[in-house]
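# Residue-level structural notes
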Amino acid sequence: MVVTAALNGVGLALQIPAIYSFVADSVDGTSRGMAFGWLMVAGKVGTVGGTSLGLLMAPTSFLGMPGWRLAFLLLAAAGAAVGVSIRSFSDGKATAAATTTPSAKTVRQELQEFAREAKAVLRVPSFQVIVAQGLTGSFPWSALSFTAMWLELVGFSHGETAALMALFKVATSLGALLGGKMGDALAGRLKNSGRIILAQISSGSAVPLAAVLLLALPNEPSTTAKHGAALFALGLMASWNPSSTNGPILAEIVPPRSRTSVYALDRTCEAVLASFAPPVVGILAERLYGYELARPAARAAVAAVETERRNAVSLARALYTAIAVPMVLCCLIYSFLYCTYPKDREMAQAEATAQGGGGARPGGEGSDTDEEGEDERKLLPQ
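Residues numbered from 1 in each chain as written. Predicted model: local features only at pLDDT ≥ 70, side-chain atom pairs only at ≥ 80, totals over all residues. Heavy atoms only, no water.

Turning to the packing of helix H5 (residues 125–143) against helix H12 (residues 277–288), a few remarks are in order. The N-to-C vectors of H5 and H12 enclose an angle of 65°; their axes lie 8 Å apart at closest approach. In terms of orientation, H5 and H12 fall into the roughly perpendicular class. Our pair here, H5 against H12, has a crossing hand that is right-handed. On H12, the residues touching Phe-139, Ser-142 and Ala-143 of H5 are Ala-277, Pro-278, Val-280 and Val-281. Here the residues of the contact of H5 with H12 are counted per class, giving six nonpolar, one polar and no charged. (Axes fitted to C-alpha atoms, helices over the stretch in contact; angles between N-to-C directions. Helix = DSSP H or I, 4+ residues; strand = E, 2+ residues; numbered from the N terminus. Parallel < 35°, antiparallel > 145°, perpendicular 65-115°, else oblique. Left-handed = near helix turned anticlockwise from the far one by under 90°. Contact = heavy atoms within 4.5 Å. Nonpolar A, V, L, I, M, F, W, Y, C, P; charged D, E, K, R; others polar.)

Now for the packing of helix H7 (residues 158–189) against helix H8 (residues 194–216). Packing of H7 against H8 leaves a shortest axis separation of 7 Å and a crossing angle of 145°. Residues Gly-179, Met-182, Gly-183, Asp-184, Leu-186 and Ala-187 of H7 form the contact with H8, whose own contacting residues are Gly-194, Arg-195 and Leu-198. Along the lines of polarity and charge, the residues of the contact of H7 with H8 split into four nonpolar, three polar and two charged.

The positions that UniProt labels "transmembrane region" (unreviewed entry) are, in the present scheme, residues 6–23, 35–56, 68–86, 129–151, 163–184, 196–217 and 318–339. Helix and strand shares over residues 163–184 are 100% and 0% respectively, and the end C-alpha atoms of the span are 32 Å apart. Helix makes up 95% of residues 196–217 and strand makes up 0%, while its end C-alpha atoms are separated by 31 Å. (UniProt positions renumbered as here; feature names shortened; annotations may be inferred.)

Moving on, we come to helix H6 (residues 147–154). At 3.6 residues per turn, the α-helix brings residues three or four places apart onto the same side. For H6, every residue scored as buried is listed here: Thr-147, Trp-150, Leu-151, Leu-153 and Val-154. Relative to the axis of H6, the buried residues are bounded by an arc of 160° and lie together on one face. (Buried < 20%, exposed > 50% of the residue type's maximum accessible area, 1.4 Å probe, protein only. Arc of directions from axis to C-beta.)

Moving on, we get to the packing of aromatic side chains. For the coordinates displayed, the defined rule picks out two aromatic pairs. With a centroid separation of 6.0 Å and 55° between ring planes, the pair formed by Phe-36 and Tyr-263 is classed as tilted. Pair noted here: Phe-36 is in helix H2 (residues 32–57) and Tyr-263 is in helix H11 (residues 259–274), with a separation of 227 residues, a long-range link. If you follow Arg-345 out to its NZ or CZ, it ends over the ring of Tyr-341, 4.9 Å from the centre. (Phe/Tyr/Trp six-rings, centres within 6.5 Å; stacked < 30°, edge-to-face > 60°. Lys NZ or Arg CZ within 6 Å of the ring centre and 35° of its normal.)

A word on the side chain of Asp-266. Structurally, Asp-266 is set in helix H11. No salt bridge is formed by the buried Asp-266. Its closest oppositely charged neighbour is Arg-267, at 6.7 Å. If near-sequence neighbours (up to four positions away) are discounted, Asp-266 is found in contact with Phe-127, Ile-130, Val-131 and Leu-250. (Lys, Arg positive; Asp, Glu negative; His and termini not counted. Salt bridge = Lys/Arg side-chain N within 4 Å of Asp/Glu carboxyl O.)

Before going further, it helps to examine a nonpolar patch on the surface. Together, Val-325, Val-328, Leu-329 and Leu-332 make up a nonpolar patch on the protein surface, roughly 340 Å² of accessible area in all. Position of Leu-332 relative to the elements: it lies in helix H13 (residues 301–333). (Patch = residues over 30% accessible without salt bridge, like charges linked within 9 Å, V, L, I, M, F, W, Y side chains within 5 Å. Areas by Shrake-Rupley, 256 points an atom, 1.4 Å probe, with all protein chains shown as cover.)

See the structure below:
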């Protein structure tokens, strides 16, 4: 199981950056935000649908095969289908570029070229800013994995908790679409700052909205509607950044041939720090806010309920700390893009034009012709 889970992670790590790159290549700069928004919606639908299907299949069996095994096989088949689709797109691009490629490269040459490209991407100032904000901005979303546990400590039933979490996922999907649409519209009016402004509004709004949800609302299971409204508002407002800002800007600050690398490096850096969020929330809840891990078996039911309510308060405070502090830092870090983004975008456009020999695409993009030219990047900072 450990080996197969690791292989599944490797497969996703290979596929997701390529998918982001294909989305960026398939649309111009005037509609990239909306495209990334739909990509996020598809991801949410797949997560909810896959989880629900797996839970329904787990206690069943088909032709003597346990349902949970069949669920894994279906996941493997779906992943293989996506991989074949990516390969077909790659073959199409490779065929289009065959006239400029003198010969096939060895694995060693490919690795060396990727290493040079990764070093060049890491030197792009705007990429460094987006990675820095991602290190803080992804932390709260990972911490929110405790939301279901907190809702049950408040006193909501399993069904109510599931409904509230589903509402939150729907809100984040709608927020991705809304953010992408607004990002495209505002970028048309404020080319150098529109997307950055939206990112700061989104990350900044998470601080008061999370305070309302986690600190202001009463810890009572009779307030389902209020908790649902607060969760919906938080999910709708705090989920703009990937579609409105990060995805489109990453596509613009490097030449087209480097887009897969830039998305892969960005996701890697974000995932590393986000993995520390759940332990941090647990430590804060236990050490700082008085969360009780165990309670005596003989304790009366009323006392047990009171303990759960106190634990709900402790966990809520820990969650808010893990949301508010990183989001404030994320909002501040985005400010550096006002200085770096215009220069990096122009540099990437110039390099793409020089390599592709084409004009600019609508929305300020350079030519998307995937011609390698020289191995070394020339116009990015050295």
